[in-house]
Amino acid sequence: MATDLQGPVTTPVTTDAVRVRGLTRAFEGRPVIDGLDLTLRAGEFTALLGHSGCGKSTLLRVLAGLDRDIEGTVLVPKRRAVAFQAPRLMPWKRVWRNVLLGLPGKPERAVAERALEEVGLGHRSGAWPKTLSGGEAQRASLARALVREPDLLLLDEPFGALDALTRIKAQQLVAELWQRRGCAVLLVTHDVDEALLLADRALVMRDGVIAYDTQVTPTRPRTPGTPALTELRSRLLTELGVEQPAPRSTSHPTAA
Ligand SMILES: Nc1ncnc2c1ncn2[C@@H]1O[C@H](COP(=O)(O)OP(=O)(O)OP(=O)(O)O)[C@@H](O)[C@H]1O
C-alpha cells in the first residue's frame, strides 16, 4: 500500500503507513518537535495524546504535507487526508462541491454523494454549509477526507467542538469508517477515554518526541471500566502528568 510515497526521502516501505526518523521542527529557534521517530503500521488506528502546546498539531501538519520546513525523514502515503476540529467548509460552495474541493480532474457530483452517504449526509448534498449543524459540518469534513480514498487519515481533534451526544455518534462513525476502509488513522485528541475507545495504540508526545507508546487491548467494541482499560487509563494519565487519587482502602477501622 505505502509503496507510493512522497516526502523529503522516498525509500519505499511496504507494511508501514508512516515512517518518520529524526524529525525536527523549530519555531523561532525553539524546537517543538525534536528528533522524533515514529512508525505507523498500515491499517492501524493510533491516538496521539499530549498536553496543550506539545506539538501534536504540528506533527499532523507535517504528516499532511502542510508544513515542509523540517529536518529529518518523513515517509507517508501519497493518498492521505486530514480533517480538523473546525470543519473548514467554504461557505460559498454547496456541501457536495466542498467535498470535491481540491480533487484532481472534474469528479462528478455522484462521487461526493457516495462519500456523503457513507457519513449519513446524502440528503444534505445540495445544502449550503451555514445550514448544517456542527455535527453535520464535521461529517461533511469527514466525507471530504474519505473521497480522497486515503491510506492515511489524519484527524486533529475532530470531535473537540461537538456536544456530548453528537460526539459519541461521530466517534462511532469514525470507528465504522475505519473498519470499513482499513486505512491507517492518526487521531489527535486530549481525551484519554476517546483514545481507549477507538485506538489500537496510544502515543504520548512530550518534549518533542513520542515519550510513551502502548498497545490498547485488541477487543472491540470496548467496554470502559474493564480492569485492563482502567489500568491503561491510569498509566496514560500518569504519562500526561495528571495526578490521580490513590485507590480507596477497602479495610475500614472497626468501631470499638
Ligand atoms: N506557525 C507557528 N509559529 C510559531 N509558533 C508556532 C506555530 N505553530 C505552532 N507553534 C508553537 O508550537 C507549539 C506546538 O503547537 P501545536 O499546535 O503543535 O501544539 P498542540 O500539541 O497541537 O496543542 P493543542 O493541544 O493546544 O492544540 C506551541 O508552543 C505553538 O505556539
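Residues numbered from 1 in each chain as written. Predicted model: local features only at pLDDT ≥ 70, side-chain atom pairs only at ≥ 80, totals over all residues.

The name recorded for the protein chain in an unreviewed UniProt entry is ABC transporter ATP-binding protein, from Streptomyces melanogenes.

(A) Spatial organisation of the overall build of the protein chain. Helices and strands together make up the secondary structure of the protein chain, namely seven helices and 10 strands. In terms of overall size, the protein chain behaves like a compact globule, its C-alpha atoms giving a radius of gyration of 20 Å where 256 residues would be expected to give roughly 18 Å. Overall, the protein chain is about 80 × 40 × 35 Å in size when its C-alpha atoms are taken along their principal axes. Of all 256 residues assigned to the protein chain, the portion counted as buried reaches 38%. Excluding contacts between residues fewer than 6 apart, the proportion of contacts in the protein chain whose partners are at least 24 apart in sequence is 69%. (Helix = DSSP H or I, 4+ residues; strand = E, 2+ residues; numbered from the N terminus. Rg over C-alpha atoms; globule rule 2.2 N^0.38 Å. Buried ≥ 20, exposed ≤ 12 C-beta atoms within 10 Å, placed from the backbone. Contact = placed C-beta atoms within 7 Å.)

(B) Spatial organisation of the sheet that holds strand β8 (residues 184-188). Pairing is mixed across the open sheet formed by six strands, whose spatial order is β6-β7-β8-β4-β9-β10. A single partner strand is all that each edge strand has here, and the edge strands are β6 (80-83) and β10 (209-215). The mean angle between the axes of side-by-side strands here comes to 20°, regardless of whether they run parallel or antiparallel. (Pairing = 2+ DSSP bridges. Axes fitted to C-alpha atoms, helices over the stretch in contact; angles between N-to-C directions.)

(C) Broad picture of the site of the ligand. Taken together, Phe27, Val32, Gly50, Ser52, Gly53, Cys54, Gly55, Lys56, Ser57 and Thr58 make up the full set of residues near the ligand. It is helix α1 (residues 56-64) that contributes the most residues to the shell around the ligand, three residues altogether. (Near = placed C-beta within 6 Å.)

(D) Region of the structure containing unusual backbone geometry. In this model, Arg220 is joined to Pro221 through a cis peptide bond whose omega is -5°. Mapping Pro221 onto the fold places it in the loop between β10 and α7 (227-239). Positive phi, close to 50°, is recorded for Glu28, a residue that is not glycine. Relative to the helices and strands, Glu28 resides in the loop between β2 (16-27) and β3 (30-41). With phi around 55°, Asp207 is a residue other than glycine that occupies positive phi space. Position of Asp207 relative to the elements: it lies in the loop between β9 (201-206) and β10. Taking the number of C-beta atoms within 10 Å as the measure of exposure, Asp207 has 12 and is therefore exposed.

(E) Local environment of the nonpolar core. Counting 64 residues, the largest nonpolar core has Val18 and Ala143 as the members making the most contacts within it. Take this core: its biggest share by element is six residues, from helix α4 (residues 134-146). Residue contacts for Val18: discarding those within four places in its chain leaves Leu38, Thr39, Leu40, Leu63, Leu75, Val76, Leu152 and Ala184. (Core = buried A, V, L, I, M, F, W, Y, C linked by C-beta atoms within 7 Å.)

(F) Structural detail: the pairing of β3. The pairing of β2 with β3 spans nine bridges and is antiparallel. Each bridged residue has a counterpart across the sheet, and for Val18 the counterpart in β3 is Leu40.

(G) Local environment of the environment of Arg201. With respect to the helices and strands, Arg201 occurs in strand β9. What makes Arg201 partly exposed here is the crowd of 17 C-beta atoms within 10 Å. Ignoring any residue separated from it by four or fewer positions in sequence, one finds Arg201 in contact with Glu44, Thr46, Thr214, Gln215 and Val216.

(H) Geometry of α7. The end-to-end C-alpha separation of α7 is 18 Å, in line with the 18 Å expected for 13 residues at 1.5 Å each. Immediately beyond the C-terminal end of α7, within one or two residues, lies Gly241, with a positive phi of roughly 80°. (Expected span 1.5 Å × (residues − 1).)

(I) Focus on α1. Buried residues of α1: Lys56, Thr58, Leu59, Leu60, Val62 and Leu63, and no others. Immediately beyond the C-terminal end of α1, within one or two residues, lies Gly65, with a positive phi of roughly 80°.

(J) How the structure looks around the pairing of β10. Inspection of the sheet shows β9 paired to β10 by six bridges, in the antiparallel sense. Bridge pairing in β10 places Val204 opposite Tyr212. Once β9 ends, the chain turns through two residues before running back antiparallel as β10, passing Asp207 with a positive phi of about 55°.

(K) Structural context of the packing of α4 against helix α5 (residues 164-181). At a closest axis distance of 10 Å, the pairing of α4 and α5 adopts a crossing angle of 15°. In this view, α4 runs roughly parallel relative to α5, as classed from their interaxial angle. Crossing of α4 against α5: the hand is right-handed. On α5, the residues that touch Gly134, Gly135, Gln138, Arg139 and Leu146 of α4 are Thr166, Lys169, Ala170, Leu173 and Leu177. (Parallel < 35°, antiparallel > 145°, perpendicular 65-115°, else oblique. Left-handed = near helix turned anticlockwise from the far one by under 90°.)

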